[in-house]
Amino acid sequence: MKNSNKQITRVFKRVMLTLLVVLSSAFTTISAQNDPVRLGFIPLTDCSPIVMAKELGLFKKYGVEVVVTKESSWANVRDKILTGELDGAHCLYTMPFSVYTGVGGKAGSEMMIAMMLSVNGQAITLSNDFCGKVGFKQMNKVAPVVAAKLKAEKEVTFAMTFPGGTHDLWLRNWMSIAGLNQKAVKIITIPPPQMVANMKVGNMDGYCVGEPWGGVAVKQGIGFTQIASQDIWKDHPEKALVVNKEFSSKRREDLKKVMKAIMEACIWLDNPANRKKAAAIIGRAPYVNAPADVIESRLMGDYNLGCNQGTEVYSNNYMLFYKGGMVNYPRKSYAIWAMAQFVRFGYLKEAPNYKAIADKLVLQDLYEEVAKSMKVKIPNDDMKPFSLTMDKTVFDPSNPAGYLKVVKR
């Protein structure tokens, strides 16, 4: 009888322990589902979709509570997404592929692309040392001036914002088009909001970053716009909503609500009548902390180039957030192009498994589900060959090796 009682007690304890584990797990899941979604951003004009979704009350409209936080650097954004401290962020679209392949983080670390946020709107800014020697889009004059500067000063330094990030790739493509030997110059990493201050004290000769930091350099008289990124590649992919892997799977419905709110903000932002209001809001200290007039002018495609070069007006290829749904679709072909650049510019010694990585990290099915629910057009151009505006080399996403054999390094 005693043995029987002991058996019953053991069984009872096991049942109670199992029940406690189940209840604890359920409570944790419910608690997590009720937690606010945490989205980060870097102080750049193209953080507007996330900021305006918050300011316009769109997250609330779609029934999700979102906390928006300013982050100090792209490396900080990467770390916080990977640890889950952030559920997602306004992010360089190439960052997940840079991190996964080991270029800009621990190889194999997964960050997921839910949707695209913007195209265009970055720039190459040169210091006043180049003023009068290299003009706007005068690509044939860049290499001789850099060579002369190297001979006189022994070092020429350019800055970008993250290894393998979009700004890094636009900078290196610019160098390739200009005929610069990338090994002859120094390339450093500086967070976007610190670019202007670093150029002011002579830490670099030029930089590639998103607005408003190109326009701010012009306003402060410390540099000029040599070229905008849309001149290199019209309607190039730029920022994405990048999310934590666990968040994307366990809180899929909340992510869809977040995406719908951001999509509506993108549609709102592409109405030129709304851009003055957007510039005033995102220019505030909690967000970009930059002059609203600089943000507004470049948002409207009105570029004061600096260095007595006058103004360049972009009418259909300035910073865009929606463009009838063409902007927001996360294309796997663009993921493959980015990874091909890592091989092209020596970040990777061997080609990665392009398609498998794109399939793993790009949540295309999720995006299509959200887009269809909002009656947003889904483009049909993914995985088709394309060329950049300046570099006419054809990139076929199904044959990156062929592209790498003929493209300039």
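Here the structure is shown first, and the text comes after it.
Residues numbered from 1 in each chain as written. Predicted model: local features only at pLDDT ≥ 70, side-chain atom pairs only at ≥ 80, totals over all residues. Heavy atoms only, no water.

(A) Summary view of the environment of glutamate 312. On the secondary structure map, glutamate 312 appears in strand S12 (residues 311-313). Since its relative accessible area comes to 23%, glutamate 312 is described here as partly exposed. With ten residues separating them in the primary sequence, glutamate 312 and aspartate 302 have C-alpha atoms 6.2 Å apart. If near-sequence neighbours (up to four positions away) are discounted, glutamate 312 is found in contact with Phe136, Lys137, Gly301, Asp302, Tyr303 and Leu305. (Helix = DSSP H or I, 4+ residues; strand = E, 2+ residues; numbered from the N terminus. Buried < 20%, exposed > 50% of the residue type's maximum accessible area, 1.4 Å probe, protein only. Contact = heavy atoms within 4.5 Å.)

(B) Representation of the pattern of salt bridges within the structure. All chains considered together, the criterion is met by 28 salt bridges. For lysine 332, the salt bridge identified is with aspartate 359, shortest N-O distance 2.8 Å. Taken as a pair, lysine 332 in helix H15 (residues 332-344) and aspartate 359 in helix H16 (residues 354-361) lie far apart in primary sequence, 27 residues in all. With relative accessibility at 14%, the residue lysine 332 sits in the buried group. Taking the relative accessible area as the measure of exposure, aspartate 359 reaches 34% and is therefore partly exposed. As a salt-bridge pair, aspartate 359 and lysine 355 come within 3.0 Å of each other at their nearest N and O atoms. Of this pair, aspartate 359 and lysine 355 are both found in helix H16, four residues apart, which corresponds to roughly one turn of the helix. (Salt bridge = Lys/Arg side-chain N within 4 Å of Asp/Glu carboxyl O.)

(C) Fine view of the layout of surface pockets. As a volume, the largest pocket reaches approximately 320 Å³. Of all the elements in the fold, those that place two or more residues in the lining of the largest pocket are strand S4 (111-116) and H15. Tallying contributions element by element places H15 first for the lining of the largest pocket, with three residues. Here the residues of the lining of the largest pocket sort into 16 nonpolar, three polar and five charged. (1 Å grid on protein atoms, 1.4 Å probe; cavity = no way out; pocket = protein on both sides within 12 Å on 5 of 7 lines; lining within 4 Å. Points joined across faces, edges and corners; volume = space filled by probe spheres on them. Nonpolar A, V, L, I, M, F, W, Y, C, P; charged D, E, K, R; others polar.)

(D) Inspection of the side chain of lysine 149 at higher detail. Mapped onto the secondary structure, lysine 149 falls in helix H6 (residues 142-153). Here lysine 149 is in contact with Asp129, Phe130, Lys154, Val156 and Asp205, once residues within four sequence places are set aside.

(E) The packing of aromatic side chains, seen in detail. Evaluation of the coordinates by the stated rule reveals 13 aromatic pairs. Between the aromatic rings of phenylalanine 158 and tryptophan 174, the centroid separation amounts to 5.6 Å while the plane-to-plane angle is 75 degrees, which identifies the pairing as edge-to-face. Placement of the pair is phenylalanine 158 in strand S6 (residues 157-160) and tryptophan 174 in helix H7 (residues 166-178), with a sequence separation of 16 residues. Both rings, one in tryptophan 170 and one in tryptophan 233, keep their centres 6.0 Å apart while their planes meet at 85 degrees; by these two values the pair is edge-to-face. (Phe/Tyr/Trp six-rings, centres within 6.5 Å; stacked < 30°, edge-to-face > 60°.)

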